[in-house]
Structures are given as structure tokens and as C-alpha cells.
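Each chain, written out:
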Amino acid sequence: IDDLAEVDYSLNSLPAVFQPFIDLDLKGIVYPAGNYTGPPYVAAPFTIPDQSDSMLHLAFSEYFFQTSSFAYYTAGAFSITIAEETCSYFNISTETFGSIIPEVAKYSVTPYPVMLKLMATEIPIISLEQDSFTVEIQGSMEVFAVLPDSTTQSLFTMNIAANTSIALNIFDQKLMGSLCLNRLQFSLAHSNVGFFEISLLENILSYILQTEVIPSANAKLSKGFPLP
């Protein structure tokens, strides 16, 4: 698929040949690149409804998307660092946070650039729906001040619970997706600047996720999964 994951479309059994159609049972397992340890899921059997309006019908089970989530989580794809050096239009500083949170202003009197580290702390949970699926992500966001000598100083860490949906479509023999953020919840996990109400940050954090994380995820999803 890419440098992080591989997909196995080999046959589970011999093709079943019937008078009106041929039935192919493919594995559809996604692995971290070079790591073929079985994922922690069990594939449930399913059938495709009888239809005669197309020459080919292709169906993906929830298991396929679950193994995709596991593979990319294992490969570290759900970790992202946002900093001024990597995003030219990201110019949030400690002064920005300090204008919202008095504790940050007291802790960091001199304005410094800010670096954010986001990561999923659990394997994202996939729930398949018609033409789309939802992804429940439990994660964390750690906010750092970047000092003049390029070292970093942790300011605070937040827990994040995100509910997203991915719309699916097929184009150019690839399965593609488009990510949409449905719901976000934040809680303060640890703070070096003292306790503060996390609700003060909800707008700016939502903005960061919508302008940095979601576009980055959609850029990857637009590359698509190769179909068998």
C-alpha cells in the first residue's frame, strides 16, 4: 500500500464456480510493512446480497478496516508532530496560549514557538456503516515550548477523544476515503504550568485539528488502497 502497510489479497479457498457467477473468497488482511503477525481480530463470515446489475461485486468486511487500523497504529501512522519548521503556516506561540490561559503567561514570560505532539494511545476502533465507517480515536496532545537552543519544555498534556467518519469511494482501481471530524472531547492529563480549565482551549485546539491534522489525514487517504 505504502511504506507503512501491506495488504494480503490471497485466496482463502478455491474459487466456487456456479452457473451464474464465480465466488472468490479473499483474505483482505492489512499488515504493518514487513510484520506479518496476525492482528488481534477474528474475521466473521459474510455474504454478498444477490444482485445482477453489474459484472463484478466487491465487498469489504469490517475485519479489513480493523486490520488496517491495527497495521497503521502499529507502524506509528497515528502520531504527528506539528511545529513551525514542518508547517510554514503554523505560527502559534506560547504568547498565543498565554493570552487564553493565564497560567501559561506566568510560566513562560518570554514568547517561544510551540510544538505539538499528537498520538493515538489505543488502536482506533472501526465501526462499518453503509458507504462509510466511523473511527473512535483515543489519544493525547502534548504542548511544548521550543527554546532558543532548540530544546523543548513540556507545558501540558491533554487527553483527546475523537469521533470521526470516513466516506468511501472507488476511483482508478483504488479504495479511497475522506475523513470528517464529528466530535471532540478534551481533558487535562498533566500540566507543568498549573491547573486550568481545558474548555478555554477548545476553540484553538479544534482549529489546529481541522487545519493541520484532518487535511494531513485526507492527503494520505486520497492515495487510496489498491484493489485486488
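In the nomenclature of an unreviewed UniProt entry, the protein chain is known as Bactericidal permeability-increasing protein of Sagittarius serpentarius. The record held by UniProt for the protein chain lists under Function (unreviewed entry) the comment "The cytotoxic action of BPI is limited to many species of Gram-negative bacteria; this specificity may be explained by a strong affinity of the very basic N-terminal half for the negatively charged lipopolysaccharides that are unique to the Gram-negative bacterial outer envelope."

Asker: Is there a simple way to explain the pairing of strand E4 (residues 29-32) in this structure?
Answerer: Two faces belong to every sheet, and in a regular strand the side chains alternate between them. Covered by surrounding structure in E4 are Ile29 and Tyr31 together with Val30 and Pro32, the residues of both alternating faces. Pairing geometry for strand E1 (residues 5-8) and E4, over four bridges, is antiparallel. Note on E4: the bridge partner recorded for Glu6 is Tyr31.

Asker: Could you clarify how one ought to interpret the side chain of Ser108 in this entry?
Answerer: As for its position among the elements, Ser108 is in the loop between helix H3 (102-107) and strand E6 (114-120). The exposure class assigned to Ser108 is buried, which follows from its relative accessible area of 9%. Separated by 3.1 Å, the side chain of Ser108 and the backbone oxygen of Thr110 make a polar contact.

Asker: Explanation requested: the pattern of salt bridges in the structure shown.
Answerer: A side chain with one charge can pair with a side chain of the opposite charge if their charged atoms come near. Overall, the coordinates contain two salt bridges when judged by the stated rule. We note a salt bridge from Lys27 to Asp8, for which the minimum N-O separation is 3.8 Å. Of the two residues, Lys27 is situated in the loop between strand E3 (22-23) and E4 and Asp8 in strand E1; the sequence distance between them amounts to 19 residues. Look at Lys27 and you get partly exposed, because its relative accessible area is 34%. Note that Glu136 and Arg183 form a salt bridge whose closest N and O atoms lie 4.0 Å from each other. Of the two residues, Glu136 sits in strand E8 (residues 132-146) while Arg183 sits in strand E10 (residues 174-191), which places them 47 residues apart along the sequence. On the basis of relative accessibility, which here comes to 30%, the residue Glu136 falls in the partly exposed class. Relative accessible area serves as the criterion here: at 46%, Arg183 is assigned to the partly exposed category.

Asker: When you look at the nonpolar core in this model, what are you seeing that I'm missing?
Answerer: Note that soluble globular proteins tend to have their nonpolar side chains buried in a common cluster. In terms of nonpolar packing, the biggest core is built from 25 residues, with Phe97, Leu116, Met141, Val143, Phe156, Met158 and Leu201 touching the most fellow members. Contributing elements (two or more residues each) for this core: E6, E8, strand E9 (152-171) and helix H4 (202-221). Among the elements that take part in this core, H4 stands out by supplying five residues, more than any other. Sequence-distant contacts of Leu201, that is, excluding residues within four places in its chain, are made with Phe97, Ile101, Phe156, Met158 and Phe196. By size, the runner-up hydrophobic cluster in this structure holds 19 residues, among which are Tyr9, Ile126, Leu179 and Ile214.

Asker: Just to check I follow, could you spell out the domain arrangement of the protein chain for this structure?
Answerer: Many structure descriptions define interface size as the accessible area lost when the parts assemble. Taken domain by domain, the protein chain comprises domain 1 (1-76) and domain 2 (78-227). The centre of domain 1, based on its C-alpha atoms, is set 30 Å off from the matching centre of domain 2. Taken together, the contact between domain 1 and domain 2 spans 17 residues of the former and 17 residues of the latter. Taken together, the links from domain 1 to domain 2 amount to zero salt bridges. Across the contact surface, domain 1 and domain 2 share six residue pairs in polar contact (both at pLDDT 80 or more).

Asker: Looking at this structure, I do not really get the pairing of E8. What am I missing?
Answerer: For E8, the tally of buried residues reaches eleven of 15 residues, placing the bulk of the element in the interior. Relative to E8, strand E7 (residues 125-129) runs antiparallel, the two sharing five bridges. Paired with Ser127 across the two strands is Thr134, which belongs to E8. Counting the residues in the hairpin turn of E7 and E8 gives two residues, including Asp131, whose phi is positive at 65°. Direction of pairing for E8 relative to E9: antiparallel, over a ladder of 15 bridges. Counterpart to Gln138 in the pairing with E9 is Ala161.

Asker: I tried to follow the packing of aromatic side chains on my own but got confused; where do I start?
Answerer: Centre distance and the angle of the planes are the two values used to describe a pair of aromatic rings. Summed over the entire model, instances satisfying the criterion amount to nine aromatic pairs. Here Phe64 and Phe65 contribute two aromatic rings whose centre-to-centre distance is 5.2 Å and whose plane-to-plane angle is 85°, an arrangement assigned as edge-to-face. You'll find Phe64 and Phe65 in the same group, each marked buried. Taking the centre distance of 6.4 Å and the plane angle of 75° together, the rings of Tyr72 and Phe225 count as edge-to-face. Note that Tyr72 is positioned in helix H1 (residues 62-74) and Phe225 in strand E11 (residues 225-226), a separation of 153 residues in sequence. Overall, the relative accessible area of 13% leaves Tyr72 in the buried class. Among the aromatic residues, those joined into a cluster by ring pairs are Phe60, Phe64, Phe65, Tyr72, Phe133 and Phe225.

What counts and how
Residues numbered from 1 in each chain as written. Predicted model: local features only at pLDDT ≥ 70, side-chain atom pairs only at ≥ 80, totals over all residues. Heavy atoms only, no water. UniProt positions renumbered as here; feature names shortened; annotations may be inferred. Buried < 20%, exposed > 50% of the residue type's maximum accessible area, 1.4 Å probe, protein only. Helix = DSSP H or I, 4+ residues; strand = E, 2+ residues; numbered from the N terminus. Pairing = 2+ DSSP bridges. Polar contact = N/O pair within 3.5 Å; in protein donor to acceptor, adjacent residues only side chain to side chain. Salt bridge = Lys/Arg side-chain N within 4 Å of Asp/Glu carboxyl O. Core = buried A, V, L, I, M, F, W, Y, C linked by side-chain atoms within 4.5 Å. Contact = heavy atoms within 4.5 Å. Domains from an automatic or database assignment. Phe/Tyr/Trp six-rings, centres within 6.5 Å; stacked < 30°, edge-to-face > 60°.

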